[in-house]
Amino acid sequence: MAKTGKTVFFCRECGYESSKWLGQCPGCREVGTFVEEPVREKNSRLKKPLWDSQPVTINEVSAKDEERISTGFCELDRVLGGGVVPGGLILVGGDPGIGKSTLLLQVCRNMSNDGKNIIYISGEESLKQIKLRANRMGQFSDRLQLLSETSLDVIESVVEKLKPDAVVIDSIQTVFREDISSAPGSVSQVRESTNTLMQMAKGSAIPIFIVGHVTKEGVVAGPRVLEHMVDTVLYFEGDRHAAYRIIRTVKNRFGATNEIGVFEMREDGLQQVLNPSEFMLEGRPEDASGSVVSCLMEGTRPILVEIQALITHTNFGIPRRTSVGTDYNRVNLLMAVIEKRVGIQMSDYDAYVNVAGGMKINEPAMDLALVMALIGSYKNRVIDADTIVFGEVGLAGEVRAVSQVEQRVLEAKKLGFKRCILPAVCVKNIQKADGILLEGVNNIKEAADII
Ligand code: TYD
Ligand code: MG
C-alpha cells in the first residue's frame, strides 16, 4: 500500500468516518468511541467482479430451497434455519472462554466425519493447542485440516487452492490484510477483512464461520457494520460458571431470528440439550413459598423456568430490591402494581427475585408468575408444584393476553404439569387442553386469591 502518512478517525461502534477526532459520534451518538487509523489509498486492491451482472427476469430465478449442510447438531441447525447455506457468512460472537472455538471445532469434526472437507484457520491458538482441545473430543477425520495463519491474503490463496466445503476463521480480530496498514482488530481491518471473506464466501459458495470477540458492553468488537455485512449473527450466551450455554440468532438472512439452541459444557466438549425445560427445572424445591414455574418463548420454542421471590422485612428506611435474570425496573413496577391493586404494603419489605438456572428473561408473559411469586413469598404460601403460570400484567392490575398460548400449555403438559393459571382471555384459544386444568384470571386480585 502506498502510505500517505495521513490518518483518519473511525467510530468503534458504527464505523462512522471523520477527518478529525470527535467526542461524540454523529452516527450513533456514542461518546468517546473515535479511534485514529491510517488512511488507505482507494482502489489499492483490484476488485474481482463478484456476481454475474446480467439481470434476469424474476420468473427465471429458481426459488428452490437451498441445499443445506448439517452441522451435526440439530440444536445448531435449527438456530441456523435448517443448516448451513453454501456461501453463507456466519458470525459467532460471545465472551472469551464461553466455548466458541470448542463449538466450531466440534462442528468441523461432525462435518468432516460426514465426508466434507473443512479448513479450520486459527490466528489465536497454535496447532498444538487446537490438537490438545481436539483430544478431549475423540476421533477426527483426515478431511479436517488445520491452519495457523493470520494473513488474509495467504488464507485466500489456500482456500482457492483447496476448495474446501466449509471454512472456520477463529477469530476476525486476529486476521489482517497486508494492504491495510492498521493493526489487526482495528476498525478498518475488521471491516475490510470481513469484506474479503464475504467475497470469498459468495464467489465460491463456501460457507464461512467467523468468530468475533465481544466487548464488555456485549457487542462484537469492531464496528457494528460487521453485523450488517454477514448473513447470520449468532451469539453465544450464558454464565461461564453455569454449565449450560445458549446460542441465539440475532440476525439471519436464511431463517428466523430469536431461535435458541441450548448446549451444556462437558469434559468432552459441548453437548446439546434437547429438553431444556427439564434442564432448567432440575433441583426445584417442591414446597417452598415464592417459587413459581412459568413458560417463556424463545423463538418458536417454549422453555419452562422457575421464578423465585423472597420477601423479607426491611431493616433500613429504604427497602432493598434485587433481581437476577430479569429486569430490575420491571420488578419494581410490578411491586407497585401489587401495592396499589391488591393492597399489600410492599414498601416495608426487601424483595429479591431470581430466575433459577441462570436464564435471562424479559418477556412480559413472565409478569404474572413474578407477581404470584412475590405475593406467595409475602404470604408465605406454597403454590402447588404442578402449577404453571404466565400472563402479562398491566398497570391497572389487569392480566393481558400473551402470544403462543397453546405451545406454552402443551410444553407444560408434556412435563407433567396439571394446572395452568393464565389470562382469562386466552382460555378460549386453547383446544388441546385435556389433562391440564386451565384457570383464567382477569386481574392480579383474582390471582392473589388463588394463592
Ligand atoms: P473456548 O472454546 O476456547 O472458548 P472461546 O473460544 O469462546 O474463547 O473455551 C471453552 C472453555 O470451556 C474453556 O474454559 C475450557 C472449557 N472446556 C470444557 O469444559 N470442556 C471441553 O471439552 C473443552 C474443549 C473446553
Ligand atoms: Mg477461542
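Residues numbered from 1 in each chain as written. Chains lettered and ligands numbered in written order. Predicted model: local features only at pLDDT ≥ 70, side-chain atom pairs only at ≥ 80, totals over all residues. Heavy atoms only, no water.

1. Here we look at the packing of helix α2 (residues 100-113) against helix α3 (residues 127-135)
When two helices pack together, their arrangement is given by the angle between the helix axes and the distance between those axes. Contact pair α2 / α3: the axes reach a minimum separation of 11 Å and the direction vectors enclose 75°. Between α2 and α3, the interaxial angle falls into the category roughly perpendicular. Note on element contacts: α3 touches α2 through Ile-130, Arg-133 and Ala-134, opposite Ser-101, Thr-102 and Leu-105. (Axes fitted to C-alpha atoms, helices over the stretch in contact; angles between N-to-C directions. Helix = DSSP H or I, 4+ residues; strand = E, 2+ residues; numbered from the N terminus. Parallel < 35°, antiparallel > 145°, perpendicular 65-115°, else oblique. Contact = heavy atoms within 4.5 Å.)

2. Regarding the site of ligand 1
Surveying the vicinity of ligand 1 reveals 15 residues, the closest of which are Ser-101, Thr-102, Arg-133, Arg-266 and Gly-269. In isolation ligand 1 has 560 Å² of accessible area, and contact with the protein removes 76% of it. Contributing elements (two or more residues each) for the shell around ligand 1: α2 and β11 (260-266). Its residues placed into classes, the shell around ligand 1 shows 3 nonpolar, 5 polar and 7 charged. (Near = heavy atom within 4 Å. Areas by Shrake-Rupley, 256 points an atom, 1.4 Å probe, with all protein chains shown as cover. Nonpolar A, V, L, I, M, F, W, Y, C, P; charged D, E, K, R; others polar.)

3. Details of the pairing of strand β10 (residues 244-252)
Where burial is concerned, most of β10 is hidden: 8 out of the 9 residues are buried. Pairing analysis gives 6 bridges linking strand β9 (residues 232-237) to β10, with the strands arranged antiparallel. Paired with Leu-234 across the two strands is Thr-249, which belongs to β10. Pairing of β10 with β11, which is carried by 5 bridges, proceeds in the antiparallel orientation. For Ile-247, the partnering residue across the bridge sits in β11 and is Gly-261. (Buried < 20%, exposed > 50% of the residue type's maximum accessible area, 1.4 Å probe, protein only. Pairing = 2+ DSSP bridges.)

4. A word on the nonpolar core
Grouped together as the largest cluster of nonpolar side chains are 64 residues, with contacts concentrated most on Val-305, Ile-338, Met-359, Leu-368, Met-372, Leu-374 and Ile-444. Here this core takes 8 residues from helix α9 (residues 367-379), the largest share from any one element. Residues within four places of Val-305 in sequence aside, it is in contact with Met-280, Leu-281, Val-292, Val-293, Ser-294, Leu-296, Val-355, Met-359, Ile-361 and Met-366. One finds Val-79, Ile-90, Leu-103 and Tyr-120 within the second-largest nonpolar core, a separate group that totals 30 residues. (Core = buried A, V, L, I, M, F, W, Y, C linked by side-chain atoms within 4.5 Å.)

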